[in-house]
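# Chains, contacts and geometry: an overview
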Amino acid sequence: MIVEVQVLFRAVTIKKQPMITLGINTSDGCCTVLLLKNSKILSYYYDIEPNPAERLCNIINEVMQKAGISYNDISLLAPIAGPGGLMGLRISMATAIGMHNVIKKPIIPINMLELLAFSVKTYNLYTEKSIDKIISITCAKNNNFFYQIFHAKTLNAEKPGIATKNELLANMYKTSRIIVATNKQTKPPSEINKAQIYAEKPLDIMQNINKIVQDKHNNHLKHCTDLMYIRPLYIN
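Computed from a predicted model, the values in this text were never measured in an experiment.

With that out of the way, let us pick up the packing of aromatic side chains. Considering all chains together, one arrives at 0 aromatic pairs under this definition. The residue whose ring lies beneath Lys66 is Tyr44, and the NZ or CZ to ring-centre distance is 5.7 Å.

Given below as structure tokens:
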């Protein structure tokens, strides 16, 4: 199941200044919480958390204290909005919304598949002449995969989906000029050439949150200050 998040908000422009972002990800069976100042990690937590709802607030407090950052210092809340397990997504999104209601900081939900593709492009792992598309994949239930296809030059995206191994391979073999972006928790089909796979560590992926926000919004963050609602959209 893919959960996309639609956010209604009032647009505001933030003056250029150091951006301190709290990233939260409980979408993949693990729990990642990190504080970023621009692209530098100030402090973090990463581990397998079978029941992150019970500890997430304490984990966030620990990460904040370790960095010596107060909640008023935060510029942005950036939960991973999907795709992933429904319960995990609810936990991170609900936590971010609860924090927003108290500390009045903006929320920008992050698409993990887009973040993976952006990481590949950021680290210059290909030339635009050699690669046409980036396919981001993560694990779904029943040995399926969440996936999304991005144009290598512009990162313009096709609609995300869920695919079996054979369906994923069929999508890939429409073009041989691809690179597969994934995370360390995902085991891509063995039929994929290992030279085409870029598997990123969780912290390295999350470290690009500020970069993707600034890139998408041309350094003028349109964000949620008057949160009206966040509505999940289920795609079968």
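Back to the write-up after that little detour.
What follows concerns the nonpolar core. Grouped together as the largest cluster of nonpolar side chains are 31 residues, with contacts concentrated most on Ile110, Leu115, Ile134, Ile209 and Val213. Elements supplying a minimum of two residues to this core: β3 (30-37), β5 (76-82), α3 (112-122), β8 (145-151), β10 (178-183), α5 (202-206) and α6 (209-216). The element that contributes the greatest number of residues to this core is α3, accounting for 7 residues. Discounting residues that sit within four places of it in the chain, Leu115 has contacts with Ile80, Ile110, Ile205, Met206, Asn208, Ile209 and Ile212. Counting 20 residues, the second largest nonpolar core, distinct from the first, contains Leu22, Cys31, Leu35 and Ile107.

What follows covers the sheet that holds β5. Within a sheet, each strand pairs with its neighbour through backbone hydrogen bonds, oriented either parallel or antiparallel. Strand order in the open sheet formed by 5 strands is β4-β3-β2-β5-β6, and the pairing between neighbours is mixed. Because the sheet does not close on itself, it has two edges, and the strands there are β4 (40-48) and β6 (110-111). Pairing of strand β2 (residues 20-25) with β3 involves 6 bridges; the strand directions are antiparallel. The residue of β3 that forms the bridge with Gly23 is Leu34. Together, β2, β3 and β4 form the strand contacts of helix α1 (residues 52-67), whose direction differs from that of β3 by roughly 30°. Across the sheet, helix α2 (residues 86-103) touches β2 and β5, and the angle it forms with β5 is around 160°.

We now examine the sheet that holds strand β11 (residues 197-200). Strands sit in the order β9-β8-β7-β10-β11 across an open sheet of 5 strands; the sheet is mixed. In this open sheet, the two edge strands, each paired with only one partner strand, are β9 (161-163) and β11. This sheet shows a mean twist of 30° between the axes of neighbouring strands, independent of strand direction. Docked against the sheet, α3 engages β7 (133-139), β8, β10 and β11, running at close to 135° with respect to β7. Contacts from helix α4 (residues 165-172) reach β7, β8, β9 and β10 within the one sheet, and its direction differs from that of β8 by about 10°.

Take α3 next. Most of α3 sits inside the fold, with 9 of its 11 residues counted as buried. By the N-cap criterion, in which a side-chain oxygen at the helix start approaches the backbone nitrogen of a residue two or three places on, α3 is capped by Asn111, the distance to Leu113 being 2.9 Å.

Take the pattern of salt bridges next. Evaluated as defined, the whole model comprises 3 salt bridges. Among the ionic pairs, Arg177 bridges to Asp132, the shortest N-O distance being 2.7 Å. With a gap of 45 residues between them, Arg177 in the loop between α4 and β10 and Asp132 in the loop between α3 and β7 connect regions that are remote in the sequence. Its salt-bridge partner being Glu191, residue Lys165 comes within 3.0 Å of it at the nearest N-O pair. With a gap of 26 residues between them, Lys165 in helix α4 and Glu191 in the loop between β10 and β11 connect regions that are remote in the sequence.

Thresholds applied
Here the residue numbers are simple positions, counted from 1 along each chain's written sequence. Per-residue local features of the predicted model are confined to residues with pLDDT of at least 70, and side-chain atom pairs are confined, for both listing and counting, to 80 or more; whole-chain, interface and lining totals are unaffected and use all residues. To obtain the side-chain values, all non-hydrogen atoms of the structure were included, while hydrogens and water were left out. Put simply, two rings from Phe, Tyr or Trp (the six-membered ring, in Trp's case) pair if the centres are within 6.5 Å, and we call them stacked under 30 degrees between planes, edge-to-face over 60, tilted for the rest. Here, a charge over a ring is recorded when the distance from Lys NZ or Arg CZ to the ring centre is within 6 Å and its angle to the ring normal is within 35 degrees. Working definition of a nonpolar core: buried Ala, Val, Leu, Ile, Met, Phe, Trp, Tyr and Cys residues. They are joined through side-chain atoms within 4.5 Å. Any residue under 20% of the maximum accessible area for its type is buried, any over 50% is exposed, and the rest in between are partly exposed; the area is computed with a 1.4 Å probe on protein chains only. Under the scheme used here, helices are H or I runs from DSSP no shorter than 4 residues and strands are E runs no shorter than 2 residues, and both carry numbers assigned from the N terminus. Only heavy atoms matter for contacts: two residues are in contact if any of them lie within 4.5 Å across the pair. Strands are labelled as partners when DSSP assigns at least two bridges between them. Helix axes are fitted only over the stretch in contact, all axes being lines through C-alpha atoms; the angle between N-to-C directions runs from 0 to 180 degrees. Throughout this description, a polar contact denotes any pair of N or O atoms lying within 3.5 Å of each other; where both atoms belong to protein, one of them has to be capable of donating a hydrogen while the other can accept it, and for residues adjacent in sequence the pair is counted only when both atoms sit in side chains. A pairing counts as a salt bridge when a side-chain nitrogen of Lys or Arg comes within 4 Å of a carboxyl oxygen of Asp or Glu.

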